[in-house]
Amino acid sequence: MSKERSGASQPSDRHQYIRQQLRLHGRVYAGELAATLGVSEDSIRRDLRELAADGACQRVYGGAIALTPNRHGFQQRRHENTERKARLAAAAVRLLRPGQFVFLDGGTTNLEIARALPEQLALTVATNSIPIAAALFGQKQLSVLVLGGSLNHQSGDALGTVATRMLDTMRPDICFLGTCSVDCELGVGTVLADEASFKRQLVEQCGHTVLAVTNEKLETASPFIVAPLSDIGTLIVEPDADPARRAHLAASGVPLLVAG
């Protein structure tokens, strides 16, 4: 970090600087901030607690990480970064083989995966996402199973007891998991409690879990944890993902696939 802000003694100035670093890097370290800003680590830890209380970050050992920006509803997010998501989807479908049982979890990137499924590839596809089920309509090479349950209007997914009971009868070969955040230390997260519960069950019952994530989700945190990164079989990232973040993920041991 730059030394140009050294000596910033006012908490408001420090908070502004820390927010800036979180936007730029996704993660900050208390020791580095203390040295850069010329204050004690106790002061920085207090700053981080206050910023976490304001919803600007989540405290982790040694510092803090940014909260996921993925807090808007499905209807808004489905029109954002569609070209980038389509590139991730093109890489994702290359993992598929004829005859597999595939689960498509909810999410706008997974919607692009549904749209990218090759017409000649015969699969059994299950989903709890109403928008994804609609996208699969008419693809006659697919055997499509749609889970029922209580519709969550923010995510567009069927969740709750009915959905989890139906999922309990399934053992997919491969699933494409939707997520709001990915971090080496905190794992995979989401913003809704009932979503997190469903996704945890999906990861436990799936043979191979694939996660395709846009850059802004890397090294961010969510209120609810789905699974540790070690439970992910393949992590697909964008070609222009920040090199430092990619290095952190690779060091965690998760197999990385770069789209494009």
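Analysis parameters
- Residues numbered from 1 in each chain as written.
- Predicted model: local features only at pLDDT ≥ 70, side-chain atom pairs only at ≥ 80, totals over all residues.
- Heavy atoms only, no water.
- Patch = residues over 30% accessible without salt bridge, like charges linked within 9 Å, V, L, I, M, F, W, Y side chains within 5 Å.
- Areas by Shrake-Rupley, 256 points an atom, 1.4 Å probe, with all protein chains shown as cover.
- Salt bridge = Lys/Arg side-chain N within 4 Å of Asp/Glu carboxyl O.
- Helix = DSSP H or I, 4+ residues; strand = E, 2+ residues; numbered from the N terminus.
- Pairing = 2+ DSSP bridges.
- Axes fitted to C-alpha atoms, helices over the stretch in contact; angles between N-to-C directions.
- Contact = heavy atoms within 4.5 Å.
- Buried < 20%, exposed > 50% of the residue type's maximum accessible area, 1.4 Å probe, protein only.
- Right-handed = clockwise from strand over helix to strand, strands pointing away.
- UniProt positions renumbered as here; feature names shortened; annotations may be inferred.
- Expected span 1.5 Å × (residues − 1).
- Phe/Tyr/Trp six-rings, centres within 6.5 Å; stacked < 30°, edge-to-face > 60°.
- Parallel < 35°, antiparallel > 145°, perpendicular 65-115°, else oblique.
- Left-handed = near helix turned anticlockwise from the far one by under 90°.

For the chain, the name recorded in an unreviewed UniProt entry is DeoR/GlpR family DNA-binding transcription regulator, with Chromobacterium phragmitis as its organism.

Caption draft 1: Geometry of a nonpolar patch on the surface. A contiguous nonpolar patch, built from I130, V144, V146 and L151 and spanning about 300 Å² of accessible area, is present on the exposed surface. Within the secondary structure, V144 sits in strand β6 (residues 142–146).

Caption draft 2: Highlighting the sheet that holds strand β14 (residues 224–227). Taken in spatial order, the three strands make up an open sheet running β10-β11-β14, and their pairing is antiparallel. The sheet is open, and its two borders are formed by β10 (181–183) and β14, each paired with just one other strand. Direction aside, neighbouring strands of the sheet carry axes that sit 35° apart on average. Strand direction decides the pairing type here: β10 and strand β11 (residues 187–190), joined by three bridges, are antiparallel. Across the sheet, D183 pairs through a bridge with G187, a residue of β11. In the packing of helix α9 (residues 193–205) onto the sheet, contacts are made with β11 and β14, and the angle to β14 comes to roughly 10°.

Caption draft 3: Spotlight on the sheet that holds strand β16 (residues 256–258). Strand order across the open sheet formed by seven strands is β6-β5-β4-β9-β12-β15-β16, with parallel pairing between neighbours. Lying at the two open borders of the sheet, with one neighbouring strand each, are β6 and β16. Across this sheet, the average inter-strand angle for adjacent strands is 20°, counted without regard to direction. Where strand β4 (residues 101–104) lies against strand β9 (residues 174–177), three bridges are found, and the strand directions are parallel. Across the sheet, V102 pairs through a bridge with I174, a residue of β9.

Caption draft 4: Examining the pairing of strand β15 (residues 234–237) more closely. Residues of β15 alternate between two faces, with T234 and I236 on one and L235 and V237 on the opposite face, all of them buried. In the classification by handedness, the crossover that spans β15, the intervening helix α10 (residues 243–251) and the parallel β16 is right-handed.

Caption draft 5: Focus on the UniProt feature "domain: HTH deoR-type" (unreviewed entry) in the chain. The sites that UniProt annotates as "domain: HTH deoR-type" (unreviewed entry) are residues 11–66. Between the C-alpha atoms that bound residues 11–66 there is a distance of 19 Å. The span itself is 64% helix and 20% strand.

Caption draft 6: Representation of the environment of D168 within the structure. With respect to the helices and strands, D168 occurs in the loop between α8 (161–167) and β9. Taking C-alpha positions, D168 is 21 Å from V188, a pair spaced 20 residues apart along the chain. Look past the residues within four positions of D168 in its chain and what remains in contact with it is Q201 and Q205.

Caption draft 7: Structural context of α9. Compared with an ideal rise of 1.5 Å per residue, which puts 13 residues at 18 Å, α9 spans 19 Å between its outermost C-alpha atoms and is within 8% of the ideal. Inspection of α9 places E195, A196, F198, K199, Q201, L202, V203 and Q205 among the buried residues, and these make up the whole buried set.

Caption draft 8: Fine view of the packing of aromatic side chains. In total, this model carries one aromatic pair according to the counting rule given. Centroid distance F103 to F198: 6.1 Å. Interplanar angle 50°. Geometry classified as tilted. One end of the pair, F103, is in strand β4; the other, F198, is in helix α9, with 95 residues separating them in the sequence. In this pair, the class of F103 matches that of F198, namely buried.

Caption draft 9: Spatial organisation of the packing of helix α1 (residues 11–25) against helix α2 (residues 30–37). Contact pair α1 / α2: the axes reach a minimum separation of 12 Å and the direction vectors enclose 130°. The angle between the axes of α1 and α2 places the two elements in the oblique class. When the axes of α1 and α2 are compared, the crossing they make is right-handed. Facing α1, whose interface residues are R14, Y17 and I18, α2 presents L33, T36 and L37.

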